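Report on the structure
Residue strings, one per chain:
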Amino acid sequence: MWVGSDMTPIEQQTILITGATDGHGKALAVELVRRGATVLVHGRDAGRIEHTLGELRGAAAGAKVRGYRADLASLAEVRALAAEVLAHEPRLDGLVNNAGVGSRVPEGGRLTSRDGHELRFAVNYLASFLLTRLLLPRIRASAPARIVHVSSLAMQAIDFDDVMLERGYSGMRAYSQSKLAQILFSNDLAEELAGTGVTSNALHPATYMPTKIVASPASSLDEGVQATLRLVADPALEGVSGRYFDVTRERRADAQAYDAEARRKLRALSEQLTGLVQAAG
């Protein structure tokens with residue numbers, strides 16, 4: 001069992017943010033580099049990663065930043081991302097699962113990932129599930145450490161008879177299901193990691209921030225960034241785990257998030273789909 005007291009000073013922390021080349025992820029990266037953290041910028045386009053690294057270096061003198069590329073719609077690329085991070089980063093004090101696909105669906109309707117899974121479930125949930133699982137030994141070795149899942153107020157119970165939404169598909173239903181899946185996973189991790197010094201929390205950072213996945217913004221980007229930054233770096237939240245926050249206020253998520261059987265089913269399905277375990281039979 002991990003035994004410790006104060007969190008590692010932010011200047012000594014290394015924090016990976018997925019989807020950090022624009023919007024909420026980039027703004028969070030700026031705040032963290034200004035506080036002295038080493039920030040690992042994930043994106044899916046090499047040019048945008050380099051541009052973001054340049055912006056971060058301009059935002060803070062002596063900024064400590066490194067870039068990692070992967071398309072989270074491919075589980076093979078998620079695995080490669082994890083392998084690259086493990087090969088180059090001796091510690092990992094924070095992981096912010098921020099990357100995501102919104103609810104808007106282009107003409108043509110339901111989309112799938114490279115692995116054939118419904119796209120929002122694949123990118124918003126399965127990719128972060130696999131990445132977190134693969135990086136977890138390094139995160140645990142860096143304790144105290146924090147895992148933050150950027151979720152949403154939009155939640156819909158997972159239909160385990162039609163997880164990939166082949167019937168009655170809508171972009172909002174897909175998005176809402178994927179965001180609730182993140183919270184089930186966060187709660188599962190919190191229970192698993194109790195006493196290790198690693199915490200896992202989820203949050204709705206703000207309502208309709210001005211990002212590329214939002215058509216009609218209703219709140220400021222800074223509001224969401226400050227809410228997420230709080231979970232990543234506020235010493236007052238040391239040891240707080242298994243919680244869901246609406247911006248900065250703790251609240252209950254959908255009832256399924258606390259259903260042990262639903263969490264077990266999602267865990268088993270996720271392990272099977274990501275290849276962490278082989279399908280029975």
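A brief report on the enclosed structure follows.

1. Considering the side chain of Asn98
Tracing the sequence through the fold places Asn98 in the loop between strand S4 (94-97) and helix H4 (119-141). Note on Asn98: relative accessible area 11%, which makes it buried. A distance of 3.0 Å separates a polar atom in the side chain of Asn98 from the backbone oxygen of Gly19.

2. A closer look at the packing of aromatic side chains
This structure, assessed with the given rule, holds four aromatic pairs. Measuring from ring centre to ring centre gives 5.2 Å for Phe121 and Tyr125, while their planes differ by 50°; the resulting arrangement is tilted. Here Tyr125 and Phe121 lie together in helix H4, a separation of four residues that amounts to about one turn. Here the two residues Phe121 and Tyr125 agree in accessibility, since each one is buried. Measuring from centroid to centroid gives 6.3 Å for Tyr125 and Phe185, while their planes differ by 80°, and the two rings are edge-to-face. Placement of Tyr125 in helix H4 and of Phe185 in helix H5 (residues 171-192) is noted, with a sequence separation of 60 residues between them. Given the relative accessible area of 1%, Tyr125 is considered buried. For the cation-ring pair, Arg252 lies above Tyr258, with the distance from its terminal atom to the ring centre recorded as 3.7 Å.

3. Looking at the packing of H4 against helix H7 (residues 260-274)
For the pair H4 and H7, the least separation of the axes is 10 Å and the interaxial angle reads 90°. It follows that H4 is roughly perpendicular to H7 by the angle criterion. Across the interface between the two elements, Phe121, Tyr125, Leu126, Phe129 and Leu130 of H4 pack against Leu266, Arg267, Ser270, Glu271, Leu273 and Thr274 of H7. Looking at the contact of H4 with H7 residue by residue, the class counts come to seven nonpolar, two polar and two charged.

Cut-offs used in this document
- Residues numbered from 1 in each chain as written.
- Predicted model: local features only at pLDDT ≥ 70, side-chain atom pairs only at ≥ 80, totals over all residues.
- Heavy atoms only, no water.
- Helix = DSSP H or I, 4+ residues; strand = E, 2+ residues; numbered from the N terminus.
- Buried < 20%, exposed > 50% of the residue type's maximum accessible area, 1.4 Å probe, protein only.
- Polar contact = N/O pair within 3.5 Å; in protein donor to acceptor, adjacent residues only side chain to side chain.
- Phe/Tyr/Trp six-rings, centres within 6.5 Å; stacked < 30°, edge-to-face > 60°.
- Lys NZ or Arg CZ within 6 Å of the ring centre and 35° of its normal.
- Axes fitted to C-alpha atoms, helices over the stretch in contact; angles between N-to-C directions.
- Parallel < 35°, antiparallel > 145°, perpendicular 65-115°, else oblique.
- Contact = heavy atoms within 4.5 Å.
- Nonpolar A, V, L, I, M, F, W, Y, C, P; charged D, E, K, R; others polar.

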